[in-house]
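Analysis of the macromolecular model
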Amino acid sequence: MESGHKLSINQWALEDRPREKMMEKGAAALSDAELLAILIGSGNTEESAVELMRRLLLSCDNNLNSLAKWEVCDYSRFKGIGPAKSITVMAALELGKRRKLQEIKERLRITCSKDIYDVFQPIMCDLEQEEFWVLLLNQATKLIDKIRISTGGIDGTYTDVRTILREALLQRATQIAVVHNHPSGNIHPSQPDKILTEHIRKAADTMNIRLIDHVIVCESQFYSFADEGLL
């Protein structure tokens, strides 16, 4: 290869052409690196796009959830990936997240803490600060709406119990679940989390609204107050 010449996707060795492989065998046959290589189209003067994306994935432990948190500046550390390629990959990862959210939307009934986690994990998995949400349910535990109540700094979030109840009353919810995330990855509730949960439960009881759970969401795990017998 001539110095300074970048291999295009059509100049790779036949076994390293993910577009052709996808056409012949289907998308499921491709590795994550091969799928990402299709998005960026070309590598750099030393690496094909597949090789480049393999190296990039290694830097985030081959975890697409970790990659979804990257910004343009993170991609730019790799030779051959500029803003245009970075944004292409970021857009594809965002579409994947939105697809997952649409699939969840079709499952309207909440029957356990895992159902709550499945609703909020795609929303919260990439957040760097805490958010507090309420899930509004009818008598049959079917989803009415999910509403973000507050957004806080990295050390916590402020939640107004009155705002939670107002939303429940406006949409005639008879049951609610509250959810917040711990960006630190620690799933265990703090003492303020426990105090807030009790305040919400008591206030909801006065309105004949049942608090069915408070779920703390982390990237790959969660904590349920109901499952732990704290409600």
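The notes below deal with the structure included here. Remember, predicted model here, so these are calculated numbers, not experimental data.

Quick look at the overall build of the protein now. For the protein, the count of helices and strands is nine helices and five strands. If you list the helices and strands of the protein from N to C, you get α-α-α-α-α-α-α-β-β-α-β-α-β-β. Expressed as a percentage of the 231 residues in the protein, the buried residues total 42%. Element-wise, carbon and sulfur atoms account for 51% of the exposed surface of the protein, whose accessible area totals about 12,800 Å².

This part is about the sheet that holds strand β3 (residues 175–181). Pairing is mixed across the open sheet formed by five strands, whose spatial order is β2-β1-β3-β4-β5. The sheet is open, and its two edges are formed by β2 (143–151) and β5 (222–224), each paired on a single side. Adjacent strand axes in the sheet meet at a mean angle of 20° when their direction is disregarded. Taken together, the seven bridges between β3 and strand β4 (residues 210–217) define a ladder with parallel strand orientation.

We now examine the packing of aromatic side chains. By convention here, two paired aromatic rings are described through the distance between centres and the angle between planes. The final tally for this structure, using the stated rule, is five aromatic pairs. Both rings, one in tryptophan 70 and one in phenylalanine 78, keep their centres 6.1 Å apart while their planes meet at 20°; by these two values the pair is stacked. Judged by relative accessible area, tryptophan 70 falls into the buried class, the value being 11%. Each ring, one from phenylalanine 120 and one from tryptophan 133, has its centre 5.6 Å from the other, and the planes form 70°; the classification is edge-to-face. Of this pair, phenylalanine 120 sits in helix α7 (residues 113–124) while tryptophan 133 sits in strand β1 (residues 131–137); the two residues are 13 residues apart in sequence, bridging distant segments of the chain. Here phenylalanine 120 matches tryptophan 133 in class, with each residue buried.

Take unusual backbone geometry next. The phi dihedral of threonine 141 falls on the positive side, at around 60°, and the residue is not glycine. Positionally, threonine 141 belongs in the loop between β1 and β2. We classify threonine 141 as buried; its relative accessible area is 13%. One non-glycine residue, asparagine 208, lies in positive phi territory at about 60°. Summarising the element assignment, asparagine 208 is placed in the loop between α9 (191–206) and β4.

Here seven bridges tie β1 to β2, and the two strands are oriented antiparallel to one another. Considered in β2, the bridge of leucine 136 is made with aspartate 145. Between β1 and β2, which pair antiparallel in sequence order, lie five residues; one of them, threonine 141, sits at a positive phi of approximately 60°.

This model, assessed by the stated rule, comprises 13 salt bridges. With a shortest N-O distance of 2.5 Å, lysine 69 and glutamate 219 are connected by a salt bridge. Residue lysine 69 is found in the loop between α4 (64–67) and α5 (72–75), and its partner glutamate 219 is found in the loop between β4 and β5; the two are separated by 150 residues along the sequence. The partly exposed category is assigned to lysine 69, whose relative accessible area is 32%. Judged by its relative accessible area of 25%, glutamate 219 is partly exposed. Connected through shared salt-bridge partners, Glu94, Lys97, Arg98 and Asp126 make up one network.

Glancing now at the pairing of β4. Counting buried positions over the eight residues of β4 gives seven, a clear majority of the element. When β4 meets β5, the two strands line up antiparallel, connected through three bridges. For valine 215, the partnering residue across the bridge sits in β5 and is serine 224. Between β4 and β5, which pair antiparallel in sequence order, lie four residues.

Rules used in this analysis
- Residues numbered from 1 in each chain as written.
- Predicted model: local features only at pLDDT ≥ 70, side-chain atom pairs only at ≥ 80, totals over all residues.
- Heavy atoms only, no water.
- Helix = DSSP H or I, 4+ residues; strand = E, 2+ residues; numbered from the N terminus.
- Buried < 20%, exposed > 50% of the residue type's maximum accessible area, 1.4 Å probe, protein only.
- Areas by Shrake-Rupley, 256 points an atom, 1.4 Å probe, with all protein chains shown as cover.
- Pairing = 2+ DSSP bridges.
- Axes fitted to C-alpha atoms, helices over the stretch in contact; angles between N-to-C directions.
- Phe/Tyr/Trp six-rings, centres within 6.5 Å; stacked < 30°, edge-to-face > 60°.
- Salt bridge = Lys/Arg side-chain N within 4 Å of Asp/Glu carboxyl O.

So, to be careful, I would describe these as geometric facts and stop short of saying anything about function.
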